[in-house]
Amino acid sequence: MKMLRRMTSCAVLVLAIAATLPVRAQQADADIEQRLSADEMHEAGLDTLSAAQLAALNRLLREKPAPGTATPSTTAKAPEAERTYIGLDDKPIRSRLKGDVAGWEPGTVFVLENGQQWKVLKGHMKLRAPMQAPEIVVVPGVAGRWFLQVHEDLPKARVYRID
């Protein structure tokens, strides 16, 4: 009998909570003037806004959910083309090295024609013959790593920007 009473009490509580959900959803869609009292509007300084500013605020509140609230766009998986990966959304940098390059090792600094300076963090390479102002590509990797490629057939040097 006690168990039946507890279950009934729980069911009543769940129904009461469920009944308030549509009201909360309506409140979230209501304009700020309807959500707050005149005193609250004054306390927040919202009573000084023009009609256009108030309309813009209401539009922003409707379009942008509060942090931590689930929306269909945040709960659904993004299509493969829309996913972002740290570092992989950056584009390769194409330029030319200033001067000659005979090789590299950690600490070597490359100065590009576009003004950027990149320092080698990892990688060793000794070229058979120095290359004069070669075209290079600095390609992004995972987690913010960058790699300098002097030629497609040569190993890349892991670099970081120092300018």
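Here, every reference points to the structure presented above.
Residues numbered from 1 in each chain as written. Predicted model: local features only at pLDDT ≥ 70, side-chain atom pairs only at ≥ 80, totals over all residues. Heavy atoms only, no water.

Enquirer: I'm lost on the environment of Gly-99 in this one. Help?
Expert: In this fold, Gly-99 is placed in the loop between strand 1 (93-96) and strand 2 (100-104). For the pair Gly-99 and Met-131, spaced 32 residues apart in the sequence, the C-alpha separation amounts to 8.6 Å. (Helix = DSSP H or I, 4+ residues; strand = E, 2+ residues; numbered from the N terminus.)

Enquirer: Would you mind going over unusual backbone geometry with me for this structure?
Expert: Glycine aside, negative phi is the norm for most residues, and most peptide bonds take the trans geometry. Phi angles above zero are rare outside glycine, and Ala-133 is one such case at about 40 degrees. In this fold, Ala-133 is placed in the loop between strand 5 (125-132) and strand 6 (135-140). Classification of Ala-133 as partly exposed rests on a relative accessible area of 23%. For Ala-143, which is not glycine, the phi torsion reads 60 degrees and is therefore positive. Mapping Ala-143 onto the fold places it in the loop between strand 6 and strand 7 (146-149). The exposure class of Ala-143 is exposed, given its relative accessible area of 54%. (Buried < 20%, exposed > 50% of the residue type's maximum accessible area, 1.4 Å probe, protein only.)

Enquirer: Would you explain the pairing of strand 1 in this entry?
Expert: Every regular strand shows the same layout, with side chains that alternate between the two sheet faces. Residues of strand 1 alternate between two faces, with Ile-93 and Ser-95 buried on one and Arg-94 and Arg-96 left unburied on the opposite face. Summarising the sheet, strand 1 and strand 6 pair through four bridges and their orientation is antiparallel. Note that in strand 6 the partner of Arg-94 across the bridge is Val-137. (Pairing = 2+ DSSP bridges.)

Enquirer: Got a minute to help me understand the nonpolar core in this structure?
Expert: Side chains that are nonpolar tend, in soluble globular proteins, to be buried together. Counting residues in each nonpolar core, the largest one holds 16 residues, and the members touching the most others are Trp-104, Phe-110, Trp-118, Ile-136, Val-138, Leu-148 and Val-159. Contributing elements (two or more residues each) for this core: strand 2, strand 4 (117-122), strand 6, strand 7 and strand 8 (157-161). Those residues in contact with Val-159 that sit more than four places away from it in its chain are Trp-118, Lys-119, Val-120, Leu-121, Val-138, Trp-146, Phe-147 and Leu-148. (Core = buried A, V, L, I, M, F, W, Y, C linked by side-chain atoms within 4.5 Å. Contact = heavy atoms within 4.5 Å.)

Enquirer: Which parts of the structure should I look at to understand the sheet that holds strand 7?
Expert: Two modes of strand pairing occur in sheets, parallel and antiparallel, and in both the strands are linked by backbone hydrogen bonds. If you walk across this open sheet you meet the six strands as 1-6-7-8-4-3, and the pairing is antiparallel. Two strands bound the open sheet, and with one partner strand each, they are strand 1 and strand 3 (109-111). Shown here is a sheet whose adjacent strand axes are inclined to one another by a mean of 35 degrees, direction ignored. (Axes fitted to C-alpha atoms, helices over the stretch in contact; angles between N-to-C directions.)

Enquirer: Explain the pairing of strand 7 to me, please; I cannot follow it from the model alone.
Expert: Direction of pairing for strand 6 relative to strand 7: antiparallel, over a ladder of four bridges. Residue Pro-140 lies in a different strand from strand 7, and its bridge partner there is Trp-146. Two strands pair when backbone bridges link them, and strand 7 and strand 8 are joined in this way by three bridges, in the antiparallel orientation. Within strand 8, the position partnered with Leu-148 by the bridge is Ala-157.

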